[in-house]
Structure formats: structure tokens, C-alpha cells
Amino acid sequence: MAPTKDFYAILGLSETASDEEIKKAYRQLAMKYHPDRNKEAGAAEKFKDVNEAYQTLSDSKKRQEYDMLRKYGAFAGAGGPGAGGFDFSRAGAGGGQNFQFDLGDLGGLGGLFDQIFRGGAAGDRKAEPTAGRDLEMAIEVPFSTAVKGGTAKINLGRDEPCLACAGTGAAPGTQPKSCPQCNGQGTVTVGLGQFGVTRACPTCAGKGTVVETPCPECKGAGVRRAKRPLKVRIPAGINDGGVIRVKGEGNVGAGGLRGDLYVTVNVKKDARFRRDGLDTYGHVELNLAEALLGTHKTVDTVQGKVKVKIPAGIQAGKKIRLKKKGVKDERTGRVGDHYVEVAVEVPKKMNREQKKLFEQYAEAMGWN
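The sections below set out a description of the structure shown in this document. Everything numeric in this text was worked out from a predicted model, so none of it was measured. (Residues numbered from 1 in each chain as written. Predicted model: local features only at pLDDT ≥ 70, side-chain atom pairs only at ≥ 80, totals over all residues. Heavy atoms only, no water.)

### Structural notes on the pairing of strand β11 (residues 279–287)
Consideration 1: In this structure, strand β10 (residues 274–276) lies alongside β11, joined through three bridges in antiparallel fashion. Within β11, the residue paired with D276 across the bridge is D279.
Consideration 2: Adjacent in sequence and paired antiparallel, β10 and β11 are bridged by two residues, among which G277 carries a positive phi angle near 70°.
Consideration 3: In this sheet, strand β15 (residues 338–345) lies alongside β11 in parallel orientation, the contact comprising eight bridges. Looking across to β15, one finds that E285 is bridged to A343. (Pairing = 2+ DSSP bridges. Helix = DSSP H or I, 4+ residues; strand = E, 2+ residues; numbered from the N terminus.)

Structure representation (C-alpha cells):
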């Protein structure tokens, strides 16, 4: 029995998708089907499929193995028997049960290939510990923190091991029992003849144990929802909407392993600056004389104050570029520029003498 899940189809991607495309598709679908957001029937199962697909395709080694299995026709919809030059139709030739084939040509993938296609007694392989669900949350940080970096304090709600039963799920004074279906291994192999698939045991959900007397505090789940204060490091130069991955701060899974936390950063607006990528924009106000005759002005940038020469005759709306005075991205080392936008202040009122002098100036300039 061959696996039927197509992880690329689940994420809505082609098998040539880049790592960034896989990550983007996962975030969108995870948010769409997250059980805390989507209460529709089947949403939880879809969320589980999306997470399973991402766990495989985001890991380069697992993805390589998965792609190899698809290439050799192991997955429904991936080319069928014989895809990639391997003829599975011969598997029953010459006695079926005694048929053997050489997995050496698959290099390091032989182990995974053997796990999927060679049958075996239920519970002949112990399940590996699996990480818990990833978590997602959004925070808001000041403009200066996004530019210079810093930390943000959050109060994270996540699954923690139940203190009453120490995470076993069994009532105090009792212990979980070995699962009778998988003999405590956590996996069962299902299939036909020499072809089978090893999966998590449905009775114990891959734990290898079952609880006869559930813990009254966690109802046998072994985990309870709890709040945890956490400091998240904000890298210098992060953009509005940027996502930070905090490893091992997600929900706890089987064997105590945790998923990851993904934090979306929303940046507050600043009264002095606006930002476009790594470039920043500010402004300087000039009076009429400064604009006509030129001057020097000290302006603010995200990297501190800078003295700027204003050329004579500068026009309102003109932008003066200050190279490498914008945002510095600590991850790439790139630095943006700062642009000073010029605004010219025109007097709203003039006295008689001022008006006469300006009329003389206008006449000298030939202005009508």
C-alpha cells in the first residue's frame, strides 16, 4: 500500500518550488486552517496535513528522500509504477514473497525506501520522537527597535507538560501501560505482501503507551495550556511584516520535543522618518532666503544627526541623498541611504517694508 499524500499538492506548489515559496505557502495555509482561527469541519485535519508537508519539504534531507520516492513511483500521482525507470510491476514475479531488489543504487536513501516498502510485523520499529506544533503570533515594536535591533517581551501561551502527572497523562500513583497494538514501539506497519508503510500506531498515537487512568488535571493529555514570559530578539534592519523564527519555543510534542515559534513583527510608524526597504526618508524646512541663497542644515537620520549643505536655488520637493545613512541589515550587512526632502516655507504675511523690498526683488528678477 503506497502513501497517498502529495505534500506539494497540499501546499499548492510544484516540485520545483524554492525554499522561500514553501515557507510562504506554509505560513499562509497554517494561518488559514489553524484550529484557533478556523472552526470549520476538516480544518484541523488540513492544518495537520499542511504542517506534515512543511516538516518534510522544509528539511533539505527529508525533501531529497521524499523527491526520490516520488521519482520511483512510490507516491500516488507521482508518475505511477515504474516512474523514473524502476518497474514495480515486477515485484510479484517469481514468487512474490521472496522477491528482492537491490537498494544500493539509492545511496543513503535506501533506509527510508526500505522503511516504506518492506513489510514487517507491527511494532518492529520504534517511532522517533516528534516535535510539537509550531506556534505563530504577531507583536508590535517601535520604529527605532526595528532599525537598531533589540528585544521584545511577550507572554506566550503554549502547551506545557502537566505538572500533576509529569507529562505522562496518567493519574498520580499510576503509570501508562505498554500499548497492546504496537507492543510499545509506537508504530505499526500496514500493507500487502512485501509492500507496506510504517505509520504511527493509531491506538497510542505513536507514544508506545496507553493511559488506563487519566490524570484529572490534564484529562490524560499530558499537557496543559500555560503562559510563559519570553524575550524575543529583534534583528537590526527587520522590515514591517518580517518573521522571526524562535527554535524550540512551540508546543511540546511526543518525547518532550518542541516545535518552533514564528513571530510576525509589525513596526510602528515614526513621526520623523518613513522607510522603504533599507532606505529612509526625512525632511528639512527652509525659509525663502535659505532656499535662494543656500545654507547648511543639521538633519536627523536613523544613524544620528548629519550636517547637510543646501545648495543655492534649491527647489521645494528636491531630495538630497545621504549615502549609507539609512538602515543597516545585520543579517546581510547591507546599508540603505537616507533622503532629505526639501520643504520651503513661504511667509504668510509681510509688512509694508518687506513687501516693497520683495517687489523690488521681483522686478529685478523680471517677474511679472
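### Let's talk about a nonpolar patch on the surface
Consideration 1: The grouping of L288, L292, L293, M350, F358, Y361, M365 and W367 at the surface amounts to a nonpolar patch, some 760 Å² of accessible area in total.
Consideration 2: Here the nonpolar patch gets three residues from one element, more than from any other, and that element is helix α7 (residues 288–293).
Consideration 3: Here W367 lies in the segment after α8 (352–364). (Patch = residues over 30% accessible without salt bridge, like charges linked within 9 Å, V, L, I, M, F, W, Y side chains within 5 Å. Areas by Shrake-Rupley, 256 points an atom, 1.4 Å probe, with all protein chains shown as cover. Salt bridge = Lys/Arg side-chain N within 4 Å of Asp/Glu carboxyl O.)

### Thoughts on the layout of surface pockets
The rolling of a water-molecule-sized probe over the atoms marks out the regions of remaining empty space.
Consideration 1: If you add up the space inside the second largest pocket, you get close to 390 Å³.
Consideration 2: Along the wall of the second largest pocket there are 18 residues; nearest its centre are R37, L135, E136, M137 and A138.
Consideration 3: Looking at the lining of the second largest pocket, the elements that each hand over two or more residues are α2 (19–33), β1 (135–141), β2 (150–161) and β9 (261–267).
Consideration 4: A total of four residues in the lining of the second largest pocket trace back to one element, the largest contributor, which is β1. (1 Å grid on protein atoms, 1.4 Å probe; cavity = no way out; pocket = protein on both sides within 12 Å on 5 of 7 lines; lining within 4 Å. Points joined across faces, edges and corners; volume = space filled by probe spheres on them.)

### Some words on the sheet that holds strand β14 (residues 319–322)
Consideration 1: Pairing in this open sheet of four strands is mixed, and the strands run β10-β11-β15-β14 from one edge to the other. Every other strand in the sheet has two partners, leaving β10 and β14 as the edge strands with one partner each. Adjacent strand axes in the sheet meet at a mean angle of 30° when their direction is disregarded. (Axes fitted to C-alpha atoms, helices over the stretch in contact; angles between N-to-C directions.)

### Describing the packing of aromatic side chains
Consideration 1: Using the criterion set out here, one finds nine aromatic pairs in the structure.
Consideration 2: A ring pair is formed by Y26 and Y54, whose centres lie 3.9 Å apart and whose planes are at 10°; its orientation type is stacked. Here Y54 lies in helix α3 (residues 43–57) and Y26 lies in helix α2, a separation of 28 residues in the sequence.
Consideration 3: When the centroid spacing of 6.5 Å and the interplanar angle of 50° are considered together, the rings of F358 and W367 count as tilted.
Consideration 4: A relative accessible area of 47% places W367 in the partly exposed class.
Consideration 5: Three or more aromatic residues joined by ring pairs make a cluster, and in this case those are F7, Y8 and Y66.
Consideration 6: Here the guanidinium or amino end of R274 rests over the ring plane of Y281, the centre of that ring lying 4.2 Å away. (Phe/Tyr/Trp six-rings, centres within 6.5 Å; stacked < 30°, edge-to-face > 60°. Buried < 20%, exposed > 50% of the residue type's maximum accessible area, 1.4 Å probe, protein only. Lys NZ or Arg CZ within 6 Å of the ring centre and 35° of its normal.)

### Some details on the nonpolar core
Consideration 1: The biggest cluster of nonpolar side chains holds 23 residues, and the ones touching the most others in it are I139, V141, V232, I234, I244, L261 and V265.
Consideration 2: When residues of this core are traced back to their parent elements, those giving at least two are β1, α6 (143–148), β2, β7 (223–234), β8 (242–246) and β9.
Consideration 3: Examining the composition of this core, we find that four residues originate from one element, β9, more than from any other.
Consideration 4: Setting aside residues no more than four positions away along its own chain, V265 makes contact with I139, V141, I234, I238, N239, D240, G241, G242 and I244.
Consideration 5: In terms of nonpolar packing, the next biggest core, distinct from the first, is built from 18 residues, L11, I22, Y26 and L29 among them. (Core = buried A, V, L, I, M, F, W, Y, C linked by side-chain atoms within 4.5 Å. Contact = heavy atoms within 4.5 Å.)

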